[in-house]
Amino acid sequence: GAGVSQSPSNKVTEKGKDVELRCDPISGHTALYWYRQRLGQGLEFLIYFQGNSAPDKSGLPSDRFSAERTGESVSTLTIQRTQQEDSAVYLCASSRRQGSNTGELFFGEGSRLTVL
Amino acid sequence: SQKIEQNSEALNIQEGKTATLTCNYTNYSPAYLQWYRQDPGRGPVFLLLIRENEKEKRKERLKVTFDTTLKQSLFHITASQPADSATYLCALPSGGGFKTIFGAGTRLFVKA
């Protein structure tokens, strides 16, 4: 596709349920990021994938959060046993990283998660 | 720890004036700095990148400066328009790699 695609755009779930959020990056982009944005707040880094390297998971807030990426394509962010504090917009971005290229990040429109 | 600070108070200006937003950072020596625009309910959109060896960069009505001594970047919008109303985020690479960290953003309102 032309841009970064995220699904679902909206998800309402009950506390304690697991959720999966999907990100389809721009074709050819080797880097993929997940961020969390709570209402009225800035972007909180969660995880970063770069090609076949080990992902940088330093931003994941707890072991309930995990993410996978298949090669240089789709990524899934999974939140287990959701809590109300997980309510936020989850933004995915991709970037064309080659050597020292400081490519811009292209963001999807986000997945809005509401935990009741 | 590394920190990015942007003015959390909204900036209100009159149409036609120049808007100036500030991004300060500590415990970083970034090779570059980026600015993004975010509209309500949308993902951020890249605007400009400035490298550490560049003092200033321009793109249409936008101007960015980068002072690595002061650890500060200024983002200017000249001849501002109501359509410029949005949240503006600065972003830096972190940890010696390509992980990108964002400031909390400054909300700009341009009144007609």
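Bear in mind that the values here come from a model prediction, so they are computed numbers and not experimental data.

Caption draft 1: Main features of the overall build of chain B. For chain B, the count of helices and strands is zero helices and 11 strands. Of the regular secondary structure in chain B, the N- to C-terminal order runs β-β-β-β-β-β-β-β-β-β-β. Relative to its length of 112 residues, chain B is compact, with a C-alpha radius of gyration of 13 Å against a globular reference of 13 Å. For the C-alpha atoms alone, the extent of chain B along its principal axes is close to 45 × 30 × 20 Å. Classification of the 112 residues of chain B by burial places 45% in the buried group. With an accessible surface of roughly 5600 Å², chain B has 47% of that area assigned to carbon and sulfur atoms. Side chains of chain B carry 15 positive and 10 negative charges; the gap between the two charge centres is 2 Å.

Caption draft 2: The state of the cysteines, seen in detail. Taken as a whole, this structure holds two disulfides over all chains when the rule is applied. The side chain of Cys 23 of chain A participates in a disulfide bridge whose partner is Cys 92 of chain A; the two sulfur atoms lie 1.9 Å from each other. Between Cys 23 of chain A and Cys 92 of chain A the disulfide shows an S-S torsion of about -70°. By sign, it is left-handed. Within this pair, whereas Cys 23 of chain A is found in strand S3 (residues 19–24), its partner Cys 92 of chain A is found in strand S8 (residues 88–95), the two being separated by 69 residues in sequence. Each of the two residues, Cys 23 of chain A as well as Cys 92 of chain A, counts as buried. At a sulfur-sulfur separation of 1.9 Å, the disulfide partner of Cys 23 of chain B is Cys 90 of chain B. Its S-S torsion of about 60° marks the bond between Cys 23 of chain B and Cys 90 of chain B as right-handed, since a negative value means left-handed. A residue pair is termed long-range when its members are at least 10 positions apart, and Cys 23 of chain B in strand S3 (residues 19–26) and Cys 90 of chain B in strand S9 (residues 86–94) qualify at 67 residues.

Rules of the game
- Residues numbered from 1 in each chain as written.
- Chains lettered and ligands numbered in written order.
- Predicted model: local features only at pLDDT ≥ 70, side-chain atom pairs only at ≥ 80, totals over all residues.
- Heavy atoms only, no water.
- Helix = DSSP H or I, 4+ residues; strand = E, 2+ residues; numbered from the N terminus.
- Rg over C-alpha atoms; globule rule 2.2 N^0.38 Å.
- Buried < 20%, exposed > 50% of the residue type's maximum accessible area, 1.4 Å probe, protein only.
- Areas by Shrake-Rupley, 256 points an atom, 1.4 Å probe, with all protein chains shown as cover.
- Lys, Arg positive; Asp, Glu negative; His and termini not counted.
- Charge placed at Lys NZ, Arg CZ, Asp CG, Glu CD.
- Disulfide = S-S within 2.5 Å.

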